[in-house]
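Survey of secondary and tertiary structure
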Amino acid sequence: MKQLAEIIATLARVGYIKPAPGTWGSAAAVPLAWVIYERGGFWAVVFATLIAFIVGWWATKEMTAGSKDHDPSEIVIDEVVGQWIALMPVLYGAGMMGVEATALWPGWIAAFALFRLFDIWKPLWIGKADRRGDALGVMLDDVIAGVFAAIFVVILAGLSHGVLMQ
């Protein structure tokens, strides 16, 4: 079970890439989100995110059991979940507009950059979740960072199309 937990928590060992394993985990999450979206649409990404959260929580608990480090840098499944949440407005928008998801490439870049910003900076509830010191906190801080990033992606999309300027 420990080996399975490691494969999941490190996203098939992506989490061992140095430097900045969290950024590598987020970067790996982007094409995975695209593949899931292309195969099953927006709701497949939502479902995959929920499954990744649940399985990631379990894997993180397994990986950190008996350790003083509640959030080792090689655990990146939390970044995957957060990055997918950050990408949801882009994927939803592509589906609603009936365009290829890659046509909204500025949104992909914004979602990636904003998620990394919030995940590293950890303002407000993100930092509070991270300070829980347990596996749920490891997952929740990235979920909240993903939500913050998603909100800002929507705001930026509105600003870029003048929707919020009227």
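The structure under discussion appears in the preceding block.
Described in the following lines is the structure provided in the data block. Because the structure is predicted, anything quoted here is derived from the model rather than measured. (Residues numbered from 1 in each chain as written. Predicted model: local features only at pLDDT ≥ 70, side-chain atom pairs only at ≥ 80, totals over all residues. Heavy atoms only, no water.)

A cis amide bond links Lys 18 with the next residue in sequence, Pro 19, at an omega value of -10°. Within the secondary structure, Pro 19 sits in the loop between helix H1 (2-9) and helix H2 (21-40). Positive phi outside glycine occurs at Lys 122, with the angle close to 60°. Relative to the helices and strands, Lys 122 resides in the loop between helix H5 (105-121) and helix H6 (124-130). At Leu 124, a residue that is not glycine, the phi angle is positive and equals roughly 50°. Judged by its relative accessible area of 59%, Leu 124 falls in the exposed class. (Helix = DSSP H or I, 4+ residues; strand = E, 2+ residues; numbered from the N terminus. Buried < 20%, exposed > 50% of the residue type's maximum accessible area, 1.4 Å probe, protein only.)

Our focus in this paragraph is the layout of surface pockets. Over the atoms, a rolled probe matching the size of one water molecule traces out where space is still vacant. Estimates place the volume of the largest pocket at around 450 Å³. Mapped onto the lining of the largest pocket, the elements with two or more residues apiece are helix H4 (77-97), H5 and helix H7 (135-160). When residues in the lining of the largest pocket are grouped by element, the largest group, six residues, is from H7. Tallied by class, the residues present in the lining of the largest pocket amount to 10 nonpolar, five polar and no charged. Considered as a void within the structure, the second largest pocket measures approximately 200 Å³ in volume. Lining the second largest pocket are 17 residues, with Gly 22, Asp 71, Ser 73, Glu 79 and Asp 119 sitting closest to its centre. At the level of secondary structure, the elements contributing two or more residues to the lining of the second largest pocket comprise H2, H4, H5 and H7. A per-element tally of the lining of the second largest pocket places H2 first, with three residues. (1 Å grid on protein atoms, 1.4 Å probe; cavity = no way out; pocket = protein on both sides within 12 Å on 5 of 7 lines; lining within 4 Å. Points joined across faces, edges and corners; volume = space filled by probe spheres on them. Nonpolar A, V, L, I, M, F, W, Y, C, P; charged D, E, K, R; others polar.)

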